[in-house]
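# Residue-level structure breakdown
Next come the chains, spelled out residue by residue.
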Amino acid sequence: MSDIGKKAVGIAGTLSNIRRDIHKHPELSFQEHRTAGVIAGILEKAGIEVRRGVAGTGVVGILRGAAPGKCVALRGDMDALPIEEKTGAEYASVHQGVMHACGHDVHTTCVLGAAILLASLRESIPGTVKFIFQPAEEKNMGAKEMLKEHVLSDPDVDAIFGLHAAPSIPAGKVGIKAGPLMAAVDTIRISVLGEGGHGAVPDRARDAIVAAASVIQNLQTVVSRKISPFDQAVVSIGTLHGGQANNIIADKVEMGGTVRTYSSETRRKMPELLKNIITHTCSALDTEGELEYFFDLPPLVNDPECAEIGRNAAIAVLGAENVVEPSSSGGGEDFAVFLEHVPGA
Ligand code: NI
């Protein structure tokens, strides 16, 4: 086993305790005060320079090696979800209605483990390692806020690495994939405007509900007819509000949805494609359709060279039989925001 492998085994118990402590005290986005305190304490104890309060609750650790060189960042997200924990684990959440259900307690612990190990190897590190503990991943906001506070500068980051727990991959294995891995996440709001009237006299009204029903159906043709079968996209309408009474024709319907794509090119085309369907469907049905499109998160696209570095490192520690290629996910990850600025995986 490599030296790092042996050292890792040596701190496994410590890391297990850290992870259970963080799991037991989950905190929601931008409220990770206790978690940030735990992280800062561990980094300081390892002799790592600490910057607190980055983007509110974020923490950054900086480990300067013995010789000059490049700067590599490792990123872990810290926030939990508004979910009630029912696992019955001895380290289950003590905060009612809040749970580390996405595994960010694991991510934080992994980056802390790397910090402890690398600090013990400082003399043999050429360059700098930056440990980025990010708040508010679940709100797709933490990475953007940390960028605003120049987290990738001073020193400038040359490459960044992160990870996400994946129940689909058995424990003990690591999944790494070059290229697109997770989706771009965008939000849409659609309004359909007609004219109200009595339900018994439809010819004297302009029915927003019938138009909205057609819009929902026709939107799926964007995915099936306008996107190449070798590309991917998802359009899902999640909310639909309209009308006041069973016998009144509604003058207005509002819908909300999510759009997922895997390439910046396809993503850029989506607003126009959706708008076309919405406006023409509505106009054919004597109503007006409006689309608001919000670009929330870019697709997560791993740099091939960085993915290869990660794959080789995982093989060195775990063996080739334990390194797999995961399938792409329709979920988003705001780590993608960092990848728009520096290469990474
Ligand atoms: Ni997550």
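Keep in mind it's a predicted model, so treat the numbers as computed, not measured. (Residues numbered from 1 in each chain as written. Predicted model: local features only at pLDDT ≥ 70, side-chain atom pairs only at ≥ 80, totals over all residues. Heavy atoms only, no water.)

## Remarks on the nonpolar core
Formed by 34 residues in total, the largest nonpolar core has its most connected members in Leu 43, Leu 63, Leu 74, Phe 131 and Phe 133. Sorting the residues of this core by element identifies helix H2 (12-24), helix H3 (33-45), strand E2 (58-64), helix H4 (104-119), strand E4 (126-134), strand E5 (159-162) and helix H8 (304-318) as the ones contributing at least two each. Counting residues per element, this core draws most heavily on H4, which supplies seven residues. Beyond its immediate stretch of four places on either side in the chain, Leu 74 contacts Val 111, Ala 114, Leu 118, Val 129, Lys 130, Phe 131, Ile 132 and Phe 161. In this structure, Val 60, Ala 143, Val 151 and Leu 300 belong to the second largest nonpolar core, which totals 25 residues. (Core = buried A, V, L, I, M, F, W, Y, C linked by side-chain atoms within 4.5 Å. Buried < 20%, exposed > 50% of the residue type's maximum accessible area, 1.4 Å probe, protein only. Helix = DSSP H or I, 4+ residues; strand = E, 2+ residues; numbered from the N terminus. Contact = heavy atoms within 4.5 Å.)

## Some points on the sheet that holds strand E8 (residues 184-193)
In space, the four strands of this open sheet follow the order E10-E12-E8-E13, with antiparallel pairing throughout. Every interior strand has two partners, whereas the edge strands, strand E10 (233-242) and strand E13 (288-297), have only one. In this sheet, neighbouring strand axes are inclined to one another by 20° on average, regardless of whether the strands run parallel or antiparallel. In this sheet, E13 lies alongside E8 in antiparallel orientation, the contact comprising nine bridges. Opposite Leu 193, over in E13, you have Glu 288 as the bridge partner. Against the sheet, helix H6 (residues 208-226) engages E8, E10 and strand E12 (252-261), with an angle of about 170° to E10. (Pairing = 2+ DSSP bridges. Axes fitted to C-alpha atoms, helices over the stretch in contact; angles between N-to-C directions.)

## Considerations on the pattern of salt bridges
Overall, the coordinates contain 17 salt bridges when judged by the stated rule. Between Arg 75 and Asp 77 there is a salt bridge; the shortest N-O distance is 3.7 Å. A relative accessible area of 0% means that Asp 77 is categorised as buried. Through salt bridges with shared partners, a single ionic network connects Glu 49, Arg 51, Arg 64 and Asp 154. (Salt bridge = Lys/Arg side-chain N within 4 Å of Asp/Glu carboxyl O.)

## Let's talk about the coordination of the nickel ion
Ligation of the nickel ion by protein atoms is provided by Cys 102 (SG), His 104 (NE2) and His 164 (NE2), these donors lying 2.1 to 2.4 Å from the ion. Mapping the donors of the nickel ion onto the primary sequence gives the spacing C-x1-H-x59-H. Taken together, the positions of His 104 in helix H4 and His 164 in the loop between E5 and strand E6 (174-175) put the pair 60 residues apart, joining distant regions of the chain. Assessed through its relative accessible area of 0%, His 104 is described here as buried. (Donors = N, O, S within 2.8 Å, 3.2 Å for Na, K, Ca; no water.)

## Let's talk about H3
In a regular helix each residue adds 1.5 Å, so 13 residues correspond to 18 Å; H3 covers 18 Å between its end C-alpha atoms and thus fits that length. Within H3, the full set of buried residues consists of Thr 35, Ala 36, Val 38, Ile 39, Ala 40, Ile 42 and Leu 43. Check the buried side of H3 and you find it contacts H2, strand E1 (49-54), E2, H4 and E4. (Expected span 1.5 Å × (residues − 1).)

## A closer look at the packing of aromatic side chains
Throughout the structure, instances matching the rule amount to two aromatic pairs. With 4.9 Å between their ring centres and 50° between their planes, Tyr 293 and Phe 295 make a pair best called tilted. The exposure class assigned to Phe 295 is partly exposed, which follows from its relative accessible area of 47%. (Phe/Tyr/Trp six-rings, centres within 6.5 Å; stacked < 30°, edge-to-face > 60°.)

## Quick notes on the domain arrangement of the protein chain
What the domain assignment lists for the protein chain is domain 1 (3-180 + 300-339) and domain 2 (184-297). For domain 1 and domain 2, the distance between their C-alpha centroids amounts to 39 Å. Each partner contributes residues to the interface: domain 1 has 12 residues there, and domain 2 has six residues. Interface of domain 1 and domain 2: buried area, both sides summed, is about 660 Å²; carbon and sulfur atoms make up 57% of it. Here domain 1 and domain 2 share zero salt bridges between them. Linking domain 1 with domain 2 are four residue pairs in polar contact (both at pLDDT 80 or more), by the criterion used here. (Domains from an automatic or database assignment. Buried area = accessible area lost by both parts, 1.4 Å probe. Polar contact = N/O pair within 3.5 Å; in protein donor to acceptor, adjacent residues only side chain to side chain.)

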